[in-house]
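As a plain string of letters, each chain reads:
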Amino acid sequence: MLFNNLMLLAKLPVADWMENFTTWMTNTFAGLFAAIQSGGQATMDGLTDFLLFINPWVWIIGITILAFIISTRRIGITLFSFFGLLFIYNQGLWSDLMNTFTLVLLASLVSIIIGVPLGIWAAKSNRAQSVIKPILDFMQTMPAFVYLIPAVAFFGIGVVPGVFSSVIFALPPTVRMTNLGIRGVSTELIEAADSFGSTAWQKLIKVELPMAKNTILAGVNQTLMLALSMVVTASMIGAPGLGRGVLSALQRAQVGNGFVNGLALVILAIIIDRFTQYANERLSLASVMSEQQKKRRKQIRWITVGAAVLALIGVGVAQAATKGNTKAQETVNLSYVQWDSEVASTNVVGEVLRQMGYDVKLTALDNAVMWQSVGSGESDGMVSAWLPVTHKEQYDKYKSKVQDLGVNLKGVKVGLVVPSYMKVDSISDLTNEAGKTVTGIEPGAGVVSAAQSTVKDYDNLAGWQVSTSSTGAMTVALGKAIKEHKPLVVTGWSPHWMFSKYDLKYLKDPKGTMGKSEAIHTIVRQGLKDDMPEVYKVLDNFHWTQKDMEEVMLEINGGASPRKAAQNWIKSHKDEVAEWQK
């Protein structure tokens, strides 16, 4: 007992140490991180713009021909590449595909550039291997979500922190397989190279790396697949691409959209996997070719590379000419959480600004990251701040770094919600319903914290727990419970489409632990008024009613895209929009 008490009293402050270390890194190397963020973002934007500039049909036909050649005329992968890419184009996911490809390509390249030399070092030195191996174990076993925290602290939001976290997660296979491949080279070959007086560099380049080539490429293949598996996780911190579609579908319980985006990721994964495997096979075949065949193949390769370079230069020139003829647009960055209400309001404001001539980028983020992005100035603003309860913690943390433009929607409400057939009307009436569980949404959301306080403050809720999930999972669980006529208690808020779809009721809250009526505020970054006065004016004037918001939400829930629903609402509410622009 004494030992246990001492252990509890002498708890090591590991979390504080890591917090302080991350803060120190962020402050000390702020300039370096900012330079990497700017350079990396520019590189990735340029690459993505380049990929998108080329007509999708050119890509589809080109990749199909390449699949036919690289697979030595196998018809299966050829047809799969053609119809798979055609399906992605048909579903309107081409832009997301190119963004995903850019993220995976750069994360994999960085992993290979770092991983192969580390693997060689580990193969040449047992001491280096003894240091590197446990680090790789740590990198592979740590949950990938953890890498998002320092990534956001160092680089903010966007594709650069996505690449950073993907590299940490995807790097180990390249290091391990390079180490394994070089250590597996026959000792007879090494001795033969030594007998001919080869230097260490000559042995590495002429003997070890060629012999270990297949094993190294197998590691590269795994790195590519792991980088691809990170796209959904990275989308939580603003990385664009197919991952956003999957995350959005998860949070909004859209099974169909989730399947389509997931299927697009599977198609991309299979194409990348088969291409790397066939490339490996062709390299193996090259080692048994005659000198004449090798010479001919080298000529073909140079001709192909030359043609590709000329094509790239041509596309680059055309892209530059197009940009030169296009009027430069100011970019407005708005962030939001993937709640149905915030999807509606953010898309309406974003569409109004687009129609005023701005290039508007909407970024879906986790709740805490959204506040951080506005506080750091990476996002220009948001119209998704639920105050004073739901986002109280975030507001208290960032209120000195942001500007509150006031309420854009009044009378919103949060509380514990149950199907109307349940025979309880107040939180104090609950006893052992729903397995003594409140089904919540994302951990960290204010409504979840309020529910946890409620469970502690009400004596009749002793033994109850708040189970966190996601907004989408909560609504799916609610729909299933209602279909089966089972009891369920969820954390709810209005406006929300679930009140239109299901017969629900708020439980009375005699102790007021779930908070009183809330309002949604517009929050912008410091300095926006001076930098973009017209944008600031629209955001400052933006306000609407629950009826307006529900009109957009219902259209989205009925299958319309958020942008289309926003355009339709703006078209039918010209007077209100004109007031925001005055």
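J.: When you look at the domain arrangement of the protein in this model, what are you seeing that I'm missing?
T.: Note: interface size is frequently given as the accessible area lost on complex formation between the parts. The assigned domain composition of the protein is domain 1 (15-53 + 92-317) and domain 2 (331-581). Computed over C-alpha atoms, the centres of domain 1 and domain 2 are 37 Å apart. Contact residues are listed per partner, giving 16 residues for domain 1 and 22 residues for domain 2. Contact between domain 1 and domain 2 buries roughly 1400 Å² in total, counting both sides, with carbon and sulfur atoms accounting for 52%. Summed over the shared surface of domain 1 and domain 2, the number is 0 salt bridges. On the surface where domain 1 and domain 2 come into contact, there are 0 residue pairs in polar contact (both at pLDDT 80 or more). The element best represented in the side of domain 1 that touches domain 2 is helix H13 (residues 242-251), accounting for 4 residues.

J.: In this structure, what is going on with the UniProt feature "transmembrane region" (unreviewed entry) in the protein? I would like to understand it.
T.: The residues that UniProt annotates with the feature "transmembrane region" (unreviewed entry) are residues 21-38, 50-70, 77-94, 100-123, 144-171, 224-247, 259-279 and 299-318. Strand forms 0% of residues 144-171 and helix 75%; the C-alpha atoms that close the span are 13 Å apart. For residues 259-279, helix accounts for 100% and strand for 0%, while the C-alpha atoms at its two ends are 30 Å apart.

J.: Looking at this model, I keep getting lost on unusual backbone geometry. Mind explaining?
T.: Note on backbone geometry: most residues besides glycine have negative phi, and most peptide bonds are trans. In this model, Leu 387 is joined to Pro 388 through a cis peptide bond whose omega is 15°. Residue placement: Pro 388 occurs in the loop between strand E3 (381-387) and helix H18 (392-398). A positive phi angle, near 55°, is found at His 485, a position not held by glycine. Mapped onto the elements, His 485 comes out in the loop between helix H20 (471-483) and strand E7 (489-494). His 485 gets classed as exposed once you look at its relative accessible area, which sits at 53%.

J.: Where do I start with the nonpolar core in this structure?
T.: Here is a general trend for soluble globular proteins: nonpolar side chains tend to be buried in one another's company. Counting residues in each nonpolar core, the largest one holds 91 residues, and the members touching the most others are Leu 353, Val 489, Leu 539 and Trp 544. Considering each element in turn, this core owes the most residues, 8 residues, to strand E4 (residues 402-419). When neighbours within four sequence positions are excluded, Trp 544 is seen to be in contact with Ala 344, Ser 345, Val 348, Asn 408, Leu 409, Met 549, Val 552, Trp 569 and Trp 580. Counting 49 residues, the second-largest nonpolar core is a separate cluster that includes Met 25, Met 44, Ala 123 and Ala 239.

About the thresholds
- Residues numbered from 1 in each chain as written.
- Predicted model: local features only at pLDDT ≥ 70, side-chain atom pairs only at ≥ 80, totals over all residues.
- Heavy atoms only, no water.
- Domains from an automatic or database assignment.
- Contact = heavy atoms within 4.5 Å.
- Buried area = accessible area lost by both parts, 1.4 Å probe.
- Salt bridge = Lys/Arg side-chain N within 4 Å of Asp/Glu carboxyl O.
- Polar contact = N/O pair within 3.5 Å; in protein donor to acceptor, adjacent residues only side chain to side chain.
- Helix = DSSP H or I, 4+ residues; strand = E, 2+ residues; numbered from the N terminus.
- UniProt positions renumbered as here; feature names shortened; annotations may be inferred.
- Buried < 20%, exposed > 50% of the residue type's maximum accessible area, 1.4 Å probe, protein only.
- Core = buried A, V, L, I, M, F, W, Y, C linked by side-chain atoms within 4.5 Å.

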